[in-house]
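# Report on the structure
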Amino acid sequence: MNNYELKIEQFSGPIEKLLELIEGKKMEITELNLAEVTADFLNYLKQVEKIEPRLLADFVVVAAKLLLIKSKALLPNLRLSDDEEEDIKDFENRLKNYQQFKPAINYLKNLSEQNKFLISRPLFAGRPTIFYPSKNLEINELYKMIKGIFETFNQLQNETKIIKPSLITLEEKIEEIMERLNTDLHGFTSTSNFSDGASADSRGQVNFNDLTNKKIRSEIVVLFLALLHLLARQSIKIEQKKGFSDIIINKN
Amino acid sequence: MQQDNQQLKADIAAVEALLFVYGEPISIKKISGIFKIDQTIADNLIKELEEKLKADNRGLMLIFSNNQVQLTTKPDFSSILENFIKEEFKENLTPASLETLALIAYLGPMSRVQIDYYRGVNSSFILRNLLIRGLIERLPNPQKNNIYLYQPSFDLLKYLGISKIEELPEYDKFKSII
Amino acid sequence: MQQDNQQLKADIAAVEALLFVYGEPISIKKISGIFKIDQTIADNLIKELEEKLKADNRGLMLIFSNNQVQLTTKPDFSSILENFIKEEFKENLTPASLETLALIAYLGPMSRVQIDYYRGVNSSFILRNLLIRGLIERLPNPQKNNIYLYQPSFDLLKYLGISKIEELPEYDKFKSII
């Protein structure tokens, strides 16, 4: 096991984590309660990001669902598509299933900790070695096999390398938004990082569209997470005139 | 009658000898082939042997999975036979591997996609580690090419000290949840 | 008295389990050491076990030499078991066995941990199979106790019609990977 695998082994999945948060507050799994723990989950996300950034993707997927649920709770007029509604239902069911299944994990844990192992005998123990080749044993066959092993093995290695060349961290984005809001209070300075065409007025106000302008999808997702984080911390106020229109962010 | 009874005893003895020599799990079908008997008879002999082994003065037991059977020591002797326990058994299970192993133990055979779905996280590394430890095994999905199904192994039974997977606490209940 | 009888049964069971996993001949002295009992008591347990094994429905027996004892199958079953072993080895090597053999041929000597790492599954059973078939051999790792290294056997090279392992196609390329 390499270091990466070792770290990954220490994390339960995001479903488990979410359940822990809900049960920690002695709440039932309902849409409303899921909206309640969204902020806590986003907080935990930061921890995952620090310790094992490569797990982040899977946690972000769950975070995105929570945000959808939270948006629905916050904006009663928000109309979700059938797909989205179904997705939320499915997510709720998954959580309920997992909750019901959890004792099974504990049973397994207890059994494994009893150290009541059974022992068997090796194949043909004590039998003398006799040379038994087989018809399909040929040099070419061995060559094909070794090639196959390394093809599969390299594929696996690549899979682990492909994960996000440059990571965008939540913390970075939170700082980015706050800095942007602060900077805009005093107008643009030469040290400003935001040269990508963003415009803002000087009242500590930024538009989400400007923030996300020309950015890749994953960065936009993290920016949105950052936004909700700041909202949860009550560091900012947001305003949206109508559905799908730009979000206006103001410093609180 | 006397004759038949005598014959039955010899056959139980033969099955015991076979399982002892082979060591590894062996299918009921294979046993019936070796002794040239019907599968139902082979099945019966295995059940008789299992019964006999339950006696207090016996140190061995049978474990079962997927129509295969293996002869092992009873769990009570685990501590006295410590030196013979596989290294793979001595390492503790991490939270992620416990979560994954429990899903496969109670709900397997199942695909990685299903496991990922329940855990909400990609499980390929965890599955690889469990495969290497021998606690699960994978088999090709009969319905789909290039997709594997994961299921509990004989080593998992030995690791947990149970004779079949259905012996897991509340097996039926959890099996029906999802 | 009742109590003692129960204990005796448990002890016989323990001795049976020990002899089962030990496989090779073991001295009475060693048995008494493992169970922390007097040699006379160990001796007695062995005699009790020997008696039990005489029953017709048992397929195993004890053999003694030089104060050592070993659990083995009764001679009644030797012809059927020998036949079975022969048939077993007549079968073609499975893809998993060939894969493991290819790894050892190209990259050996190597440890089981390395083999498992490249294959992504546990290889203990397959290694045992290849060893018994004389296709590979194992040697102690000079650097580590209790860890073995596996390498292709001379018989395998001869069978493949090559005089040294370097003659395998693209040997250097694969060898240099690790």
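Residues numbered from 1 in each chain as written. Chains lettered and ligands numbered in written order. Predicted model: local features only at pLDDT ≥ 70, side-chain atom pairs only at ≥ 80, totals over all residues. Heavy atoms only, no water.

### Re the overall build of chain A
Across its full length, chain A holds 9 helices and 3 strands. Listing every helix and strand of chain A by position from the N terminus yields α-α-α-α-α-α-α-β-α-α-β-β. The proportion of buried residues among the 252 residues of chain A is 43%. Considering only intrachain contacts with a sequence separation of at least 6, the fraction spanning at least 24 residues in chain A is 60%. Element-wise, carbon and sulfur atoms account for 50% of the exposed surface of chain A, whose accessible area totals about 13900 Å². (Helix = DSSP H or I, 4+ residues; strand = E, 2+ residues; numbered from the N terminus. Buried < 20%, exposed > 50% of the residue type's maximum accessible area, 1.4 Å probe, protein only. Contact = heavy atoms within 4.5 Å. Areas by Shrake-Rupley, 256 points an atom, 1.4 Å probe, with all protein chains shown as cover.)

### Here's the deal with the sheet that holds strand 4 (residues 110–111) of chain B
All names here are of chain B. With antiparallel pairing, 3 strands are arranged side by side in an open sheet as 4-6-5. Two strands close off the open sheet at either side, each with one partner strand: strand 4 and strand 5 (136–140). Pairing analysis gives 5 bridges linking strand 5 to strand 6 (residues 148–152), with the strands arranged antiparallel. Bridging from a neighbouring strand, Glu-137 pairs with Gln-151 of strand 6. Strands in contact with helix 5 (residues 95–107) are strand 4, strand 5 and strand 6; relative to strand 6, the strand with the most contacts, it is inclined by about 85°. (Pairing = 2+ DSSP bridges. Axes fitted to C-alpha atoms, helices over the stretch in contact; angles between N-to-C directions.)

### With respect to helix 6 (residues 112–119) of chain B
Residues Ile-115, Asp-116, Tyr-118 and Arg-119 of chain B constitute the buried set of helix 6 of chain B. When helix 6 of chain B is viewed along its axis, its buried side chains cluster within an angular range of 165° and face the same direction. Those residues of helix 6 of chain B that are buried are in contact with helix 2 (14–24) and helix 5 (82–113) of chain A together with helix 5, strand 4, helix 7 (124–133) and strand 6 of chain B. The first or second residue beyond helix 6 of chain B is Gly-120 of chain B, which carries a positive phi of 75°. (Arc of directions from axis to C-beta.)

### Notes on the interface of chain A and chain B
Residue-level contacts link 43 residues of chain A with 55 residues of chain B. At the boundary of chain A with chain B, total buried surface from both sides reaches about 4500 Å², with 65% on carbon and sulfur atoms. Taken as a group, Phe-117, Leu-118 and Ile-119 of chain A account for 19% of the area that chain A buries against chain B, more than any other trio of residues on that side. For the interface between chain A and chain B, the tally reads 0 salt bridges. In this structure, the connection of chain A to chain B is made through 15 residue pairs in polar contact (both at pLDDT 80 or more). Of all the elements in the fold, those that place two or more residues in the side of chain A that touches chain B are helix 1 (3–9), helix 2, helix 5 and helix 6 (139–162) of chain A. Broken down by element, the side of chain A that touches chain B gets its largest block of residues, 14 residues, from helix 5 of chain A. Of the residues assigned to the side of chain A that touches chain B, the class counts are 24 nonpolar, 9 polar and 10 charged. (Buried area = accessible area lost by both parts, 1.4 Å probe. Salt bridge = Lys/Arg side-chain N within 4 Å of Asp/Glu carboxyl O. Polar contact = N/O pair within 3.5 Å; in protein donor to acceptor, adjacent residues only side chain to side chain. Nonpolar A, V, L, I, M, F, W, Y, C, P; charged D, E, K, R; others polar.)

### Section: the packing of aromatic side chains
In total, this model carries 28 aromatic pairs over all chains according to the counting rule given. Centre to centre, the rings of Phe-41 of chain A and Phe-59 of chain A are 6.1 Å apart; their planes meet at 25°, and the pair counts as stacked. Residue Phe-41 of chain A is found in helix 3 (residues 31–51), and its partner Phe-59 of chain A is found in helix 4 (residues 56–74); the two are separated by 18 residues along the sequence. On the basis of relative accessible area, Phe-41 of chain A is assigned to the buried category, the value being 1%. Judged by centre distance (4.9 Å) and plane angle (55°), the ring pair of Phe-153 of chain A and Tyr-118 of chain C falls under tilted. Of the two residues, Phe-153 of chain A sits in helix 6 while Tyr-118 of chain C sits in helix 6 (residues 112–119), which places them in two different chains. (Phe/Tyr/Trp six-rings, centres within 6.5 Å; stacked < 30°, edge-to-face > 60°.)

### Quick word on the nonpolar core
With 151 residues, the main nonpolar core has Leu-45 of chain A, Ile-31 and Leu-168 of chain B together with Leu-19 of chain C as its most contacted residues. Tallying contributions element by element places helix 1 (residues 2–22) of chain B first for this core, with 10 residues. With sequence-adjacent residues up to four places away left out, Leu-168 of chain B is seen in contact with Leu-108 and Leu-111 of chain A together with Ala-105, Tyr-106, Leu-160 and Ile-162 of chain B. Counting residues in each nonpolar core, the second largest holds 35 residues, with Leu-98, Ile-115, Tyr-150 and Ile-165 of chain C among its members. (Core = buried A, V, L, I, M, F, W, Y, C linked by side-chain atoms within 4.5 Å.)

### Things to note about the side chain of Arg-94 of chain A
Mapped onto the elements, Arg-94 of chain A comes out in helix 5. Buried charged residue Arg-94 of chain A carries no salt bridge. Nearest counter-charge: Asp-90 of chain A, at 4.3 Å. Within the structure, Arg-94 of chain A has its side chain in polar contact with the backbone oxygen of Tyr-117 of chain B (distance 2.7 Å). In contact with Arg-94 of chain A, not counting residues within four places along its chain, are Ile-15 and Lys-65 of chain A together with Tyr-117 and Gly-120 of chain B. (Lys, Arg positive; Asp, Glu negative; His and termini not counted.)

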